[in-house]
Amino acid sequence: MRLLFFFVFALSLFPAKARTLVVDQRKSLKSIQSAIVLATKGDTIRVMPGLYREGNFIVKKSIVFIGINYPVLDGENKYEIFTVAANDVSIIGFRMINTGTASITDISAVSAIETKRLRVINNQLENTFFGIHLANSTCTLVENNILHSNAEAEQQIGNGIHAWKCDSITVRHNEISGHRDGIYFEFVTHSKVEKNFSRANMRYGLHFMFSHHDEYINNTFHDNGAGVAVMYTQDVTMKGNHFEDNWGSSSYGLLLKDIRDSHIEDNQFLRNTVGVYMEGSSRCLFEKNVFSGNGWAVKIQANCDGNSFEKNNFLTNTFDMATNGSLVLNTVDYNYWDSYQGYDLDRNGIGDVPFHPVSLYSMVVEKMPSSIMLWRSFLVYLLDRSEKVVPSITPESLKDNHPAMKNYDYDN
Amino acid sequence: MWAPQYPEGLEMKIWYNTLTGEVRTISALNHYIGMRTIEPSMFPEFGYISYIIGFIIVFGLASVIVNKRFMLISFLGLILATGFGALIDFYLWGYDYGHNLNPEAPIKIEGMSYQPPLIGTKQLLNFTAFSGPDIGGWIFIGVGVLLFGLLVYEWKKINDMKYFNFGFLLLAGSLIISCSTEPEQLNYGTDVCHFCKMTLMDNKFGAELVTKKGKIYKFDDIRCFINYYNSGNDDPYDFQHALVIDYLNPGKLINAFDAFYVKSTEIRSPMDGQAAAFETKASMSKFKKEWKGIYLAWGELVTQYK
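Cut-offs used in this document
Residues numbered from 1 in each chain as written. Chains lettered and ligands numbered in written order. Predicted model: local features only at pLDDT ≥ 70, side-chain atom pairs only at ≥ 80, totals over all residues. Heavy atoms only, no water. Helix = DSSP H or I, 4+ residues; strand = E, 2+ residues; numbered from the N terminus. Buried < 20%, exposed > 50% of the residue type's maximum accessible area, 1.4 Å probe, protein only. Contact = heavy atoms within 4.5 Å. Pairing = 2+ DSSP bridges. Axes fitted to C-alpha atoms, helices over the stretch in contact; angles between N-to-C directions. Core = buried A, V, L, I, M, F, W, Y, C linked by side-chain atoms within 4.5 Å. Buried area = accessible area lost by both parts, 1.4 Å probe. Salt bridge = Lys/Arg side-chain N within 4 Å of Asp/Glu carboxyl O. Polar contact = N/O pair within 3.5 Å; in protein donor to acceptor, adjacent residues only side chain to side chain. Arc of directions from axis to C-beta. Phe/Tyr/Trp six-rings, centres within 6.5 Å; stacked < 30°, edge-to-face > 60°. Lys NZ or Arg CZ within 6 Å of the ring centre and 35° of its normal.

Colleague: Which parts of the structure should I look at to understand the overall build of chain B?
Modeller: Along the backbone of chain B there are 8 helices and 11 strands. Per-residue burial over chain B gives 37% buried out of 306 residues. For chain B, the share of sequence-separated contacts (at least 6 apart) that also reach a separation of at least 24 residues comes to 56%.

Written out as structure tokens, the structure reads:
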């Protein structure tokens, strides 16, 4: 009963009926700016197709903007397009082009400052400096947007979806290309990044820093400048993502630095220079991932501890694992390694001799990168074989005691 | 020569009057494929090479005393002629030695000849043979290069003093750069932060350390810079330069010890260093007010980020 009373009371705060204003260049209400002035809290502004050059829209009321057939909002290379500073604003179905650029301020197509429940859905962003920029905002939904920019000089371009000090935001089903970082999270908590496609961005496809308790699921990161970076973060779940084709000397499928208590499951690391690079990370569990066609599948620095790799498939990598020290505090168990040459006499599907994933030569290359030139020569092959028989340089304790004989089929 | 069964290699040195090194082993090996035994007596050159070298030395000294350009030219000519002569002679011997095989040899491979390489590396069956000049040869080459340089110098001096100076500066410059402890620009978009591994992107922030040995560390943020500076991986006294980007002049490196720093939560730098550097005190004060920050000098900055 008290709850019902509360609802009635809450409803009475709103105007009797929310209106809908229609902006049409052929009708009386021609400009979006004047519609914003006319609108009151809770109104909807429907924008008919056309080209609108009206500078910066500053939204300080709860308004729903709906574009019909993608009306074009042009920032004329000077303005930010939407600046939202109110709760419950929705921006749906617009095409936003040509925002200004600046080195000091972060000009974007949609910028949110201290908002709640902002929704940015079904928009197309072309040639924007920052795409969607969220600061101090909570409960935000960014869905089904296509963001594309043409970065020529790299520092002259901002991030696609940029969130700073936010909580509970959802970034779903967006397509981002040609930005600095596709998706950038700094101090963002309890958030979800799902089913996005981030490709050909200048630096990282996804960049996480100081962002705890987040998850990213079923995203594809393809051909970005340096892959994906997750840094200084704890409790991240990464599931079902594809990390593909990140080639270059400082480029990684997934770069983990100072990550704790995270879960990396069911991802595909395909054709990267380094599939996963880990530094200073603890207690992360890698399971059921596929590492295929990478230069190094996993590079794990000696300052990592308590991480474990279980039931992963390692296929056609040049080096399966590399490390830079002899002390290893991580475990590797029950993985499939295509370079395993052991036997299974008791036919339980588990190899009877342990597998050492770190080859002697990967240690040599770690110390002296140019020696990669001699890789696949006969002598190196002999060295590796003899090291396998009597390990002396490679970390003895880093071994898979239960290597699988057949690769895992995760679909079943 | 290297081979799987001789991983440490076999070496033969040709001196002006004799042969040294593992000549016997090489000869023994060669015997299997029908090559003759290598002996000093095979080389009639050993008899007169010492006279040729002696003559060159005397001629060189003579040209120093005479101090005329034509002597320089003829000396260079002599060096070049001797060099070419020696190479041709060596080639002819190698050809004969490699092709003229004993038909009774234990190992015979049809169509295979074993001519050693003149200069460089060559694969002979499972042997990798390398041949190149040793100390004496390098001295010889060095003299030739020096003479040529001198001639160019002389020629330039006559033709155009200015051009020469420019060229000389370029040459000297390139020599210095090759082992310099000078700082270099930060390349945003390609350089990677030494501490956090991130690609440098924001040219309002960044820093660089150059050690006395010329090693350069680049950073994307004052946080990474100070953390590395304090990490003890390098002794702070080993840094020749400590530089930081001036916030107002993106990309410009200034001396980190003399810079003025503002720390404020308003500053969004790549690694949340919350600090920006300024070259002048005036611009520091302006931004300090704008961001409601605090002013830090270098001595205070290094105590942050612990």
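Colleague: What should I look at first to understand the overall build of chain A in this one?
Modeller: Secondary structure assignment for chain A yields 4 helices and 38 strands. Scored against the burial criterion, the 412 residues of chain A give a buried share of 53%. Look at the contacts in chain A between residues 6 or more apart in sequence, and 48% of them connect residues 24 or more apart.

Colleague: What is the right way to look at the sheet that holds strand E9 (residues 260-263) of chain B in this model?
Modeller: Consider a sheet: its strands pair through backbone hydrogen bonds, and that pairing is either parallel or antiparallel. All names here are of chain B. Spatially, the 3 strands line up as an open sheet ordered E10-E9-E11, and their pairing is antiparallel. Because the sheet does not close on itself, it has two edges, and the strands there are strand E10 (275-278) and strand E11 (294-296). Strand-to-strand twist of the sheet, defined as the mean angle between neighbouring strand axes without regard to direction, takes the value 30°. The sheet contact formed by E9 and E10 spans 4 bridges and is antiparallel. When the sheet's bridge partners are listed, Phe-260 is paired in E10 with Phe-278. Across the sheet, helix H7 (residues 281-291) touches E9, E10 and E11, and the angle it forms with E9 is around 5°.

Colleague: Honestly, the nonpolar core in this entry has me stumped. Any pointers?
Modeller: The tendency in soluble globular proteins is for nonpolar side chains to be buried as a group. Judged by nonpolar contacts, the single largest core of 77 residues is most densely connected at Phe-65, Phe-82 and Tyr-216 of chain A. In terms of residues, this core owes the most to one element, strand E16 (residues 161-172) of chain A, which gives 5 residues. Among the nonpolar cores identified, the runner-up in size contains 52 residues, and Tyr-232 and Trp-296 of chain A together with Ile-222 and Leu-296 of chain B belong to it.

Colleague: Would you mind showing me how to read the sheet that holds strand E8 (residues 253-255) of chain B here?
Modeller: Residues and elements named next belong to chain B. Ordered in space as E6-E5-E7-E8, the 4 strands form an open sheet in which the pairing is antiparallel. Only two strands of the sheet have a single neighbouring strand rather than two, namely strand E6 (216-219) and E8. Each neighbouring strand pair of the sheet contributes to a mean axis angle of 25°, computed without reference to strand direction. Of the pairings in the sheet, the one linking strand E5 (residues 207-211) to strand E7 (residues 239-245) comprises 5 bridges and is antiparallel in character. Note on E7: the bridge partner recorded for Thr-211 is Phe-239.

Colleague: Honestly, the interface of chain A and chain B in this entry has me stumped. Any pointers?
Modeller: How large an interface is tends to be reported as the accessible area lost when its parts come together. Tallying the contact residues gives 27 residues for chain A and 17 residues for chain B. Carbon and sulfur atoms supply 58% of the area that chain A and chain B bury against each other, a total of about 1,900 Å² over both sides. In this assembly, chain A and chain B are joined by 1 salt bridge. Put simply, Glu-279 of chain A and Lys-197 of chain B hold a salt bridge, and the shortest N to O gap is 3.4 Å. The tally of links from chain A across to chain B stands at 4 residue pairs in polar contact (both at pLDDT 80 or more). At the level of elements, strand E13 (130-135), strand E18 (183-189), strand E21 (206-209), strand E24 (227-234), strand E27 (252-260) and strand E30 (274-279) of chain A are the ones that each hand at least two residues to the side of chain A that touches chain B.

Colleague: Looking at this model, I keep getting lost on H7 of chain B. Mind explaining?
Modeller: Count 3.6 residues to each turn of an α-helix, and residues three or four apart come out pointing the same way. All names here are of chain B. Within the span of H7, buried status applies to Ser-283, Met-284, Phe-287 and Trp-291. With its buried residues spanning 105° around the axis, H7 presents them on a single face. Exposed residues lying more than 90 degrees from the buried face of H7 are Lys-281, Ala-282, Lys-286 and Lys-289. Taken together, the buried residues of H7 touch E9, E10 and E11.

Colleague: Would you explain the side chain of Asn-219 of chain A in this entry?
Modeller: Residues and elements named next belong to chain A. Among the secondary structure elements, Asn-219 is positioned in the loop between strand E22 (214-217) and strand E23 (220-222). Within the structure, Asn-219 has its side chain in polar contact with the backbone oxygen of Val-193 (distance 3.1 Å). Those residues in contact with Asn-219 that lie beyond four places of it in its chain are Val-193, Glu-194, Lys-195, Asn-196, Gly-240, Asn-241 and His-242.

Colleague: Looking at this model, I keep getting lost on the packing of aromatic side chains. Mind explaining?
Modeller: For any pair of aromatic rings, the description consists of the separation of the ring centres together with the inter-plane angle of the planes. A full pass over the atoms with the stated rule returns 39 aromatic pairs over all chains. A centroid spacing of 5.2 Å and a plane angle of 20° characterise the contact between Phe-185 of chain A and Phe-208 of chain A, whose relative ring orientation is stacked. Of the two residues, Phe-185 of chain A is situated in strand E18 and Phe-208 of chain A in strand E21; the sequence distance between them amounts to 23 residues. Across the pair, Phe-208 of chain A and Phe-185 of chain A agree in class, each one buried. Pairing Tyr-247 of chain B with Phe-287 of chain B gives two aromatic rings, centres 5.5 Å apart and planes at 70°, and the pair type is edge-to-face. Placement of Tyr-247 of chain B in the loop between E7 and E8 and of Phe-287 of chain B in helix H7 is noted, with a sequence separation of 40 residues between them. Of the two residues, Tyr-247 of chain B and Phe-287 of chain B, neither departs from the other in class, the shared state being buried. Ring-pair connections join several aromatic residues into one group, and the members of that group are Phe-185, Phe-208, Tyr-216, Phe-221, Phe-243, Phe-269, Phe-291, Phe-314, Trp-337, Tyr-340 and Phe-355 of chain A. Above the face of the Phe-195 of chain B ring, Lys-257 of chain A is positioned so that its terminal group lies 5.1 Å from the ring centre.

It is worth stressing that arrangement in space is one thing and function is another; only the former is reported here.
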